[in-house]
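# Structural features, examined
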Amino acid sequence: MDKKVVFITGASRGIGKATVDKFLTEGWKVAGFYRETAVEQTENSKFYQMDIVDNDSIEKAFQAAFTDFGRIDAFVHCVGIFGYRNLEQYDLETIDNVVATNEVGTYVATKHILKYLKSGAMVYISSTAGQIGSFDPIYSGTKGAVLAFTKSMAKALAPHVRVNTVAPGVTETDIVKSRNQERLDQEIGTSLMKKIALPADIANGIYFLASDQAAHITGACLDINGGYVLR
């Protein structure tokens with residue numbers, strides 16, 4: 001049997017890179033997408049430059065990947081940025097950038113991927129901030145939008161494509177390391193596990209939702225936050 005193929009955005013670092021590694025370990029082939037940092041290809045992976053805020057870039061990258069692999073069984077969308085500021089500190093340019101990347105980019109990438117993904121699974125990345133809010137209201141708003149979009153797409157694509165999201169808490173990525181340490185320590189201390197998540201912890205949940213192990217799960221949000229948010 002041919003190996004299954006997953007398309008993963010944000011594949012060059014953090015949660016995206018860990019997700020690439022997880023799928024490769026599980027025997028899948030990976031088409032990965034990055035904006036700036038090129039990734040070394042392997043026997044079962046190939047990587048494509050793509051800018052999530054550029055419609056033509058998304059279209060061309062997905063088309064090239066599908067031409068190379070000839071199939072797609074799952075789509076994982078890992079692109080996201082923080083604003084790292086309260087509302088008063090935001091200017092319109094930064095608001096536009098966060099919304100364009102986290103929210104509009106999710107919509108546009110999904111629109112293009114559905115030209116190729118006719119059955120299988122999609123997994124998005126939300127956040128605890130999208131569930132309970134945070135000091136950064138624009139980032140939180142975009143991640144709350146991802147949760148609503150997940151439910152809408154699950155309804156629209158059933159029963160052929162399952163659509164789910166994961167909501168990570170604080171995770172050890174380059175982006176998080178640049179955050180205010182005092183606020184970071186407070187969030188970690190508030191969680192029940194009293195530690196920061198590794199990208200692999202999130203990747204394991206993503207893989208579960210994309211795999212046949214989650215064959216009867218759609219429209220759901222998997223919390224991976226160490227007990228920071230209890231629902």
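Residues numbered from 1 in each chain as written. Predicted model: local features only at pLDDT ≥ 70, side-chain atom pairs only at ≥ 80, totals over all residues. Heavy atoms only, no water.

As a further point, take the sheet that holds strand β5 (residues 120–125). On the basis of which strands lie adjacent, the open sheet formed by seven strands has the order β3-β2-β1-β4-β5-β6-β7 and parallel pairing. Each of the sheet's edge strands pairs with one partner strand only, and the pair in question is β3 (45–49) and β7 (221–224). When the angles between neighbouring strand axes are averaged without regard to direction, this sheet yields 15 degrees. As paired elements, β5 and strand β6 (residues 161–168) share six bridges and run parallel to each other. Residue Ala121 lies in a different strand from β6, and its bridge partner there is Arg162. Of the strands in this sheet, β1 (5–9), β2 (29–34), β3, β4 (74–77) and β6 touch helix α1 (residues 14–25), which is tilted by about 170 degrees from β1. Of the strands in this sheet, β5, β6 and β7 touch helix α5 (residues 137–157), which is tilted by about 165 degrees from β6. (Pairing = 2+ DSSP bridges. Helix = DSSP H or I, 4+ residues; strand = E, 2+ residues; numbered from the N terminus. Axes fitted to C-alpha atoms, helices over the stretch in contact; angles between N-to-C directions. Contact = heavy atoms within 4.5 Å.)

What follows deals with the layout of surface pockets. To locate leftover empty space, one rolls a probe as large as a water molecule over the atoms. Quantified by volume, the second largest pocket comes out at close to 210 Å³. Along the walls of the second largest pocket sit 15 residues, with Lys195, Ile196, Ala197, Asn225 and Gly226 positioned nearest its centre. Each residue belonging to the lining of the second largest pocket can be placed in one class, and the counts come to seven nonpolar, five polar and three charged. (1 Å grid on protein atoms, 1.4 Å probe; cavity = no way out; pocket = protein on both sides within 12 Å on 5 of 7 lines; lining within 4 Å. Points joined across faces, edges and corners; volume = space filled by probe spheres on them. Nonpolar A, V, L, I, M, F, W, Y, C, P; charged D, E, K, R; others polar.)

For the coordinates displayed, the defined rule picks out 13 aromatic pairs. Ring geometry for Phe23 versus Trp28: centroids 4.9 Å apart, planes at 80 degrees, classification edge-to-face. As far as the burial class goes, Phe23 and Trp28 line up, both buried. On the numbers, 4.3 Å between centres and 35 degrees between planes, the contact of Phe82 with Tyr139 is tilted. Within this pair, whereas Phe82 is found in the loop between β4 and α3 (92–113), its partner Tyr139 is found in helix α5, the two being separated by 57 residues in sequence. Its relative accessible area of 24% is what places Phe82 among the partly exposed residues. (Phe/Tyr/Trp six-rings, centres within 6.5 Å; stacked < 30°, edge-to-face > 60°. Buried < 20%, exposed > 50% of the residue type's maximum accessible area, 1.4 Å probe, protein only.)

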